[in-house]
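Each chain, letter by letter, is given below.
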Amino acid sequence: MRVGIGADHGGFLMKEQLVRKLAEEGYEVIDFGNMVHDPDDDYPDFAIPLARAVATGYVERGILLCGSGVGASVAANKVSGARAALCHDDYSSRQGVEDDDMNILCLGGRTTGIEVAWDCVRNFINARFSGAARHNRRLEKVKQLEQSVVAR
Ligand code: RB5
């Protein structure tokens, strides 16, 4: 699986750790930056390119990090086709994919420890959308918003 990852300064250290762990597990990791720790950088500059890469299928899944994970998820969800969510636990990281077809996992570099973050990443990457009728029905309602001129 090709996985994209991106972070601002608040998630930079965690990104470096997760890139290493993902590479060790054999994943192809595309790093959307930041490539250096810059305390003045802005999370949309990494979240939006990554979200576009997920939405267009260039990467299958995305992982976004900022200090809290909030800004990254807000920015990523502005891109049509991105379904980003901030998670703090393995259950949500897995179930968000199975039920909601989440394709971007957001984590807080300042709020979540690396071991819990890694558990979240593994659950996220190993999960698959169930395709159950009720979940498809709910997802269709969300996708309709993306087609709506009013919502955009
Ligand atoms: C940056 O200091 C911080 O605001 C950002 O990383 C993130 O936590 C925003 O949600």
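Just above, that's the structure.
Each chain carries its own residue numbering, running from 1 in the direction its sequence is written. Per-residue local features are limited, in this predicted model, to residues with pLDDT of at least 70; the limit for side-chain atom pairs, both in listing and counting, is 80 or more; totals at the level of whole chains, interfaces and linings are taken over all residues. No hydrogens and no water enter the side-chain calculation; it runs on all heavy atoms of the structure.

**Quick notes on the environment of leucine 65**
Here's step 1: Turning to its location among the elements, leucine 65 is positioned in strand 3 (residues 61–66).
Here's step 2: Relative accessible area decides the class of each residue, using a 1.4 Å probe on protein chains only: under 20% of the type maximum gives buried, over 50% gives exposed, and in between gives partly exposed. For leucine 65, a relative accessible area of 1% translates into the label buried.
Here's step 3: The spacing of leucine 65 and alanine 85 is 20 residues in sequence and 11 Å in space, taken between C-alpha atoms. To qualify as a helix, a DSSP run of H or I must reach at least 4 residues; to qualify as a strand, a run of E must reach at least 2; elements of each kind are numbered from the N terminus.

**Considering the sheet that holds strand 5 (residues 104–108)**
Here's step 1: Two strands pair if DSSP finds at least two bridges between them. The sheet built from 5 strands is open, its strands ordered 2-1-3-5-4 with parallel pairing. Of all the strands in the sheet, the pair left with one neighbour each is strand 2 (28–31) and strand 4 (84–86). Between one strand axis and the next, the sheet turns by 25 degrees as a mean value, whatever way the strands run.
Here's step 2: Pairing geometry for strand 1 (residues 2–7) and strand 2, over 4 bridges, is parallel. Residue pairing in the sheet places arginine 2 in a bridge with glutamate 28 of strand 2.
Here's step 3: Contacting strand 1, strand 2, strand 3 and strand 5, helix 1 (residues 12–24) runs over the sheet at an angle of about 165 degrees to strand 1.
Here's step 4: With respect to the sheet, helix 5 (residues 114–126) is in contact with strand 1, strand 3 and strand 5, its orientation differing from that of strand 5 by roughly 175 degrees. The angle between two axes is taken between their N-to-C directions and runs from 0 to 180 degrees, where each axis is a line fitted to C-alpha atoms and a helix contributes only its stretch in contact. Whether two residues touch is decided by their heavy atoms; if any such pair falls within 4.5 Å, the residues are in contact.

**A few points about helix 4 (residues 90–100)**
Here's step 1: When we look at burial in helix 4, the residues that qualify are Ser93, Gly96, Val97 and Asp99.
Here's step 2: The inward-facing, buried residues of helix 4 contact strand 3, strand 5, helix 5 and helix 6 (133–147).
Here's step 3: Put simply, aspartate 89 is the residue that caps the front of helix 4, since its side-chain oxygen is 3.1 Å from the backbone nitrogen of tyrosine 91.
Here's step 4: Where helix 4 ends, the next residue or the one after it, aspartate 101, has phi of about 55 degrees, a positive value. Any pair of nitrogen or oxygen atoms within 3.5 Å is treated as a polar contact; in protein, a donor-acceptor pairing is required on top of that, and neighbouring residues in sequence qualify only through side-chain atoms on both sides.

**A word on the nonpolar core**
Here's step 1: Among buried residues, those of type Ala, Val, Leu, Ile, Met, Phe, Trp, Tyr and Cys that are joined through side-chain atoms within 4.5 Å constitute a nonpolar core. Leu18, Ile63, Leu65, Leu105, Leu107 and Val121 are the most contacted members of the largest nonpolar core, which totals 20 residues.
Here's step 2: Contributions of two or more residues to this core are made by strand 1, helix 1, strand 3, strand 5 and helix 5.
Here's step 3: If we ignore the near neighbours within four places in the chain, the residues touching leucine 105 are Gly62, Ile63, Leu64, Ala85, Cys87, Ser93, Cys120, Val121 and Phe124.
Here's step 4: Formed by 17 residues, the second largest nonpolar core is a distinct cluster that contains Ile30, Leu50, Ala51 and Ala76.

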